[in-house]
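So the chains spell out like this:
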Amino acid sequence: MNWIKILGLPELASEHGKALDELTGYVHLLMLILFIGWVGYFIMVLLKFNRKSNPKADYVGVKSHLNTYLEVGVAVVEGVLLIGFAIPLWAKAVDYFPTAADNPIEVHIMAQQFAWNAHFAGPDGKWGKQDIQFAAATNPFGLDPNDADAKDDVVCLKEEFLVPVNRHVICKIGSMDVIHCFKLPAMRVTQDAVPGLSIPVHFKPTITNTYEIYCAQLCGNLHSGMKGSFKVVSQSEYDTWYAAKSKAGGGAGFE
Ligand SMILES: [Cu+2]
């Protein structure tokens, strides 16, 4: 079933998203069936047990076991959803993490009031040294300006960054002030950004386009405007951008 159309979900552009959408769809289907069932039951009760048709109270109560069967039926469906869908999905998300063999792209994301910053290791593959003493509005990752490994690092300050299509992307999420939440609707990714922590999430974009980043955690006055974007492009387009961005130096965000 096309749950994106039926439920009006955002466009989907990641590999793992389909299974998540299916789970969302089945849960909604169960809720719809329950809703129709309960409304039907409510109407039946109004008609059958109103004062007119029951002038005298009946102290015997219900003898039929229908509601027991229905309750058991609902519990079974909920059990199937939990054991058959939710737990395997969760296990898959927890068990699998891209390894070096998957050749993933690693991006460090730094949230701040009220924008998103991204940091790549640069062509040398080595992350520049970071120290809290260098952290500033112009250098949110606290990169050491004297460190050789930091010179070629690519930093996108409050600006769009690129990732290649059909490759695993690992985002390590942090925050320099309050708790934010890194939300990529099209990738079906949501992860809190907590100061002092670097929390990894991963996804594999499957369609080239520009996608938005939202903050999904109320984080201050301008929370609603805390938007960013990233572009999923071909590998060659990514390589060109990465090299140019790195060469521009100061990519690292130094003044
Ligand atoms: Cu925020």
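Since this is a predicted model, take the numbers as computed values, not measurements.

Here's the deal with the overall build of the protein chain
Point 1. Regarding its fold elements, the protein chain presents four helices and 10 strands.
Point 2. In sequence order, the secondary structure elements of the protein chain are arranged as α-α-α-β-β-β-β-β-β-β-β-β-β-α.
Point 3. Computed over C-alpha atoms, the radius of gyration of the protein chain comes to 26 Å, more than 25% over the 18 Å expected from 2.2 N^0.38 for 255 residues, which places it beyond the range of a compact globule.
Point 4. The principal-axis extent of the C-alpha atoms belonging to the protein chain is close to 90 × 40 × 30 Å.
Point 5. Looking at the protein chain residue by residue over its 255 residues, the buried ones come to 35%.
Point 6. A separation threshold of at least 6 residues defines the contact pool for the protein chain, and within that pool the share at least 24 residues apart is 68%.
Point 7. Looking at the protein chain as shown, the accessible area adds up to about 15200 Å², and 62% of this sits on carbon and sulfur atoms.

What about the coordination of the copper ion?
Point 1. The coordination sphere of the copper ion, as far as protein atoms go, consists of His180 (ND1), Cys215 (SG), Cys219 (SG) and Met226 (SD), spread over 2.1 to 2.4 Å.
Point 2. Of note is the copper ion, whose four donor atoms meet at the metal with angles of 89 to 125 degrees in an arrangement that counts as tetrahedral.

Considerations on the side chain of Asn139
Point 1. Locating Asn139 in the fold gives a position in the loop between β2 (115–120) and β3 (154–156).
Point 2. The buried category is assigned to Asn139, whose relative accessible area is 6%.
Point 3. Separated by 3.4 Å, the side chain of Asn139 and the backbone oxygen of Phe134 make a polar contact.
Point 4. Of note is the side chain of Asn139, whose polar atom sits 2.9 Å from the backbone oxygen of Leu143.

Points about the sheet that holds strand β9 (residues 209–215)
Point 1. One open sheet holds the five strands; their spatial order is β4-β10-β9-β6-β7, and the pairing between them is mixed. Each end of this open sheet is capped by a strand with a single partner; those strands are β4 (161–164) and β7 (189–193). The average angle at which neighbouring strand axes cross in this sheet is 25 degrees, direction not considered.
Point 2. Note that β9 and strand β10 (residues 228–233) share five bridges and pair antiparallel. Counterpart to Glu212 in the pairing with β10 is Ser229.
Point 3. Sitting on the sheet, helix α4 (residues 235–247) touches β4 and β10, and the angle it makes with β4 is about 140 degrees.

A word on the nonpolar core
Proteins that are soluble and globular tend to have nonpolar side chains buried together.
Point 1. Val107, Phe120, Phe161 and Phe230 are the most contacted members of the largest nonpolar core, which has 36 residues in total.
Point 2. Of all the elements, strand β1 (residues 105–112) adds the most residues to this core, at four residues.
Point 3. Setting aside chain neighbours within four positions, we find Val107 in contact with Ala118, His119, Phe120, Phe161, Val163, Val169, Ile170, Cys171 and Lys172.
Point 4. Residues Phe141, Leu143, Ala150 and Val155 belong to the second largest nonpolar core, which totals five residues.

Quick word on the confidence of the model for the protein chain
Point 1. Across the protein chain, the average pLDDT comes to 90, with 97% of residues at 70 or higher.
Point 2. Highest mean pLDDT in the protein chain belongs to strand β6 (residues 180–184) (98); lowest belongs to helix α3 (residues 66–95) (86).

Brief notes about the domain arrangement of the protein chain
Point 1. Here the domain parsing of the protein chain yields domain 1 (3–95) and domain 2 (103–247).
Point 2. The straight-line distance from the C-alpha centre of domain 1 to that of domain 2 is 40 Å.
Point 3. In this assembly, 13 residues from domain 1 lie in contact with 13 residues from domain 2.
Point 4. Of all residues in domain 1, Glu11, Ala13 and Glu15 bury the most surface against domain 2, accounting for 51% of the area lost on that side.
Point 5. Between the two partners, domain 1 and domain 2, sit two salt bridges.
Point 6. The closest approach of N and O atoms between Lys204 and Glu15, which form a salt bridge, is 3.5 Å.
Point 7. Linking domain 1 with domain 2 are nine residue pairs in polar contact (both at pLDDT 80 or more).
Point 8. Per element, the largest residue contribution to the side of domain 1 that touches domain 2 is three residues, and it comes from helix α2 (residues 17–48).

Regarding the pattern of salt bridges
Point 1. Per the counting criterion, the structure on display carries six salt bridges.
Point 2. Where Arg188 meets Asp21, a salt bridge forms, and the shortest distance between an N and an O atom there is 2.7 Å. Of this pair, Arg188 sits in the loop between β6 and β7 while Asp21 sits in helix α2; the two residues are 167 residues apart in sequence, bridging distant segments of the chain. By the burial criterion, Arg188 is buried, and Asp21 matches it.
Point 3. One salt bridge in this structure joins Lys172 and Glu106, with 3.3 Å as the shortest N-O distance. Of this pair, Lys172 sits in strand β5 (residues 169–175) while Glu106 sits in strand β1, and the two are 66 residues apart along the sequence.
Point 4. Given a relative accessible area of 27%, Lys172 falls into the partly exposed group.
Point 5. Of the residues examined, Glu106 reaches a relative accessible area of 27% and is grouped as partly exposed.

Calculation criteria
- Residue numbers here run from 1 along each chain, matching the order of that chain's written sequence.
- The predicted nature of this model means local features are confined to residues of pLDDT at least 70 and side-chain atom pairs, given and counted, to a pLDDT of 80 or more, with totals for whole chains, interfaces and linings taken over all residues.
- Note: side-chain values were computed over all heavy atoms of the structure, leaving out hydrogens and water.
- Each helix is a run of H or I in the DSSP string that is no shorter than four residues. Each strand is a run of E no shorter than two, and both are numbered from the N terminus.
- With the radius of gyration taken over C-alpha atoms, the globule rule is written as 2.2 Å times the number of residues to the power 0.38.
- Accessibility here uses a 1.4 Å probe with only protein chains present; expressed as a share of the type maximum, an area under 20% marks a residue as buried, one over 50% as exposed, and anything in between as partly exposed.
- In what follows, a contact means two residues having at least one pair of non-hydrogen atoms within 4.5 Å.
- Only the protein chains shown count as cover for residues, with accessible areas throughout obtained via the Shrake-Rupley method and a probe of 1.4 Å.
- In this analysis a donor is any N, O or S atom within 2.8 Å of a metal ion (3.2 Å for sodium, potassium and calcium), and since water is not included, sites may seem incomplete.
- In these descriptions, tetrahedral denotes four donors with every angle between 85 and 135 degrees, square planar four donors and octahedral six donors with opposite donors over 155 degrees apart and the rest between 65 and 115, and irregular any other case.
- We define a polar contact as two N or O atoms separated by no more than 3.5 Å, with the added condition that, inside protein, one atom must be a possible hydrogen donor and the other a possible acceptor, whereas residues neighbouring each other in sequence contribute only through side-chain atom pairs.
- A pair of strands is labelled paired if DSSP reports no fewer than 2 bridges between them.
- Angular values range over 0 to 180 degrees, each being the angle between N-to-C directions of two axes fitted as lines to C-alpha atoms, with helices fitted over their stretch in contact.
- Residues belong to one nonpolar core when they are buried, are Ala, Val, Leu, Ile, Met, Phe, Trp, Tyr or Cys, and are joined through side-chain atoms within 4.5 Å.
- Residue-level confidence of the predictor is what pLDDT reports, using numbers from 0 through 100.
- By convention here, the domain bounds are inherited from an automatic or database domain assignment.
- Buried area is a sum: the accessible area each of two parts loses on coming together, probed at 1.4 Å, counted once for each and added.
- We define a salt bridge as a side-chain nitrogen of Lys or Arg found within 4 Å of a carboxyl oxygen belonging to Asp or Glu.

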